[in-house]
Amino acid sequence: MLHLILLESALELVPSELTKLKRIQQHASRRKKKPTELLLDQSQHGEAMVRLQDNLRRGRPDIVYLSLLSVLETPLCKSGLLTVHLHVRDGRIIEVNPEVRLPRNYDRFVGLMEQLLVEGRVPPSGDSLLHIIDMNLGQLINSLTAEDSVSLLAIEGGTRTTIVDLEGLFPDDSLTPVIIGVGAFPYGNLNADTKLLFANHVELDSEVMMAWHVCSEVLWAYSASVNVAKERFA
Ligand SMILES: C[S@@+](CC[C@H](N)C(=O)[O-])C[C@H]1O[C@@H](n2cnc3c(N)ncnc32)[C@H](O)[C@@H]1O
């Protein structure tokens, strides 16, 4: 089982420091929402965001969107061998139902994430597709860990690891849990506390990669290790 955690994801509602700004209020009124119900997005709020601490790491929900599109609905996911969680900036954890079919349109994804962050779950009633769970990152990792599990953090500066090496790190049976963390923010480094939660740190290229490329590489390497295609053809 592959447990993917998108770490320190740049996914949050517009913070109170910005809600009084005229541009934000205009944007909210166009969207027929309160400013506090808008998803912070560099492409919409870049000018206002310069006032925010750590602004270069924030307001990039597209990173989560593209990463989720890369991993959901894959053969691994359809085989029931993938779980996905989003760890967001304020420490909360969102559980993604692997059966969720994300909107193909980014604006609709933004609406979905706004509903999730305002209401705590999507849809508001019935079986949830995405919901905030009552755990912090450490508790989540503990809950996924077993005696023989493997935990990996994809990170620049980690142990240089080719795709063949990566396959070698994965167990070849799908019962052993593999926990993999990938940062879902655009710039800067992962926090030291986050790094400490993963036993192995792997660098997958000599240059920085986009989070969704890293997610894809890890997912396909894992799928090869546990022979997903063979199982499905059988
Ligand atoms: C765009 S990067 C974030 C930028 C940041 N400089 C960093 O060090 O995390 C998004 C994430 O992709 C993963 N990543 C990017 N380049 C990588 C590489 N060369 N090897 C392993 N993981 C990488 C890391 O998990 C990273 O947090």
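For clarity, every value in this text was computed on a predicted model and none was experimentally measured. (Residues numbered from 1 in each chain as written. Predicted model: local features only at pLDDT ≥ 70, side-chain atom pairs only at ≥ 80, totals over all residues. Heavy atoms only, no water.)

Enquirer: It is not clear to me how the site of the ligand should be interpreted in this structure. Could you clarify?
Expert: For the ligand, the set of nearby residues contains 18 residues, the closest of which are A154, E156, G188, L204 and M209. Here an oxygen atom of the ligand and a side-chain polar atom of E156 are 2.8 Å apart. A distance of 2.8 Å is found between a nitrogen atom of the ligand and a backbone nitrogen or oxygen belonging to L204. If the ligand stood free it would expose 540 Å²; the protein chains cover 94% of that surface. When each cavity is represented as a set of grid points, the ligand is found to reside in the largest pocket. Taken together, the elements giving at least two residues each to the shell around the ligand come down to strand 6 (150–160), strand 7 (178–183), strand 8 (200–203) and helix 9 (211–225). Counting residues per element, the shell around the ligand draws most heavily on strand 6, at three residues. The class makeup of the residues in the shell around the ligand is 11 nonpolar, three polar and four charged. (Near = heavy atom within 4 Å. Polar contact = N/O pair within 3.5 Å; in protein donor to acceptor, adjacent residues only side chain to side chain. Areas by Shrake-Rupley, 256 points an atom, 1.4 Å probe, with all protein chains shown as cover. 1 Å grid on protein atoms, 1.4 Å probe; cavity = no way out; pocket = protein on both sides within 12 Å on 5 of 7 lines; lining within 4 Å. Sits in = over half its atoms within 2 Å of the grid points. Helix = DSSP H or I, 4+ residues; strand = E, 2+ residues; numbered from the N terminus. Nonpolar A, V, L, I, M, F, W, Y, C, P; charged D, E, K, R; others polar.)

Enquirer: Whenever I open this one, the pattern of salt bridges confuses me. Can you help?
Expert: If charged atoms from side chains of opposite charge come close, those side chains can pair. Here the structure, examined in full by the defined rule, presents 12 salt bridges. The salt bridge partner of R58 is E12, with a shortest N-O separation of 2.8 Å. Of this pair, R58 sits in the loop between helix 2 (42–49) and helix 3 (61–71) while E12 sits in the loop between strand 1 (2–9) and helix 1 (22–31); the two residues are 46 residues apart in sequence, bridging distant segments of the chain. When sorted by exposure, R58 lands in the same class as E12, which is buried. As a salt-bridge pair, E73 and R101 come within 3.6 Å of each other at their nearest N and O atoms. Highlighted residues: E73 in the loop between helix 3 and helix 4 (75–78) and R101 in the loop between strand 3 (93–96) and helix 5 (106–119), separated in sequence by 28 residues. (Salt bridge = Lys/Arg side-chain N within 4 Å of Asp/Glu carboxyl O. Buried < 20%, exposed > 50% of the residue type's maximum accessible area, 1.4 Å probe, protein only.)

Enquirer: Would you mind going over the layout of surface pockets with me for this structure?
Expert: Regions of empty space are outlined by a rolling probe, equal in size to a water molecule, passed over the atoms. Of the volumes computed, that of the largest pocket is approximately 550 Å³. Around the largest pocket sit 25 residues that line it, and E156, G183, F185, V208 and M209 are the ones nearest its centre. Taken together, the elements giving at least two residues each to the lining of the largest pocket come down to strand 6, strand 7, strand 8 and helix 9. What the second largest pocket holds in volume is close to 160 Å³. Taken together, H27, R31, L39, D41, S43, Q44, H45, Y106, D107, V110 and E114 make up the full set of residues lining the second largest pocket. Secondary-structure elements contributing two or more residues to the lining of the second largest pocket are helix 1, helix 2 and helix 5. Sort the elements by how many residues they give to the lining of the second largest pocket and helix 5 lands first, with four residues. By residue class, the composition of the lining of the second largest pocket is three nonpolar, four polar and four charged. (Points joined across faces, edges and corners; volume = space filled by probe spheres on them.)

Enquirer: Explain the packing of helix 1 against helix 2 to me, please; I cannot follow it from the model alone.
Expert: How two helices sit against one another is set out by the angle between their axes and by the gap between those axes. Two elements in contact, helix 1 and helix 2, have axes whose closest approach is 9 Å; the angle formed by their N-to-C orientations is 155°. The pairing of helix 1 with helix 2 is recorded here as roughly antiparallel in orientation. Mapping the contact onto sequence places R23, I24 and H27 in helix 1 and Q44, H45, E47 and A48 in helix 2. Split by residue class, the contact of helix 1 with helix 2 holds two nonpolar, three polar and two charged. (Axes fitted to C-alpha atoms, helices over the stretch in contact; angles between N-to-C directions. Parallel < 35°, antiparallel > 145°, perpendicular 65-115°, else oblique. Contact = heavy atoms within 4.5 Å.)

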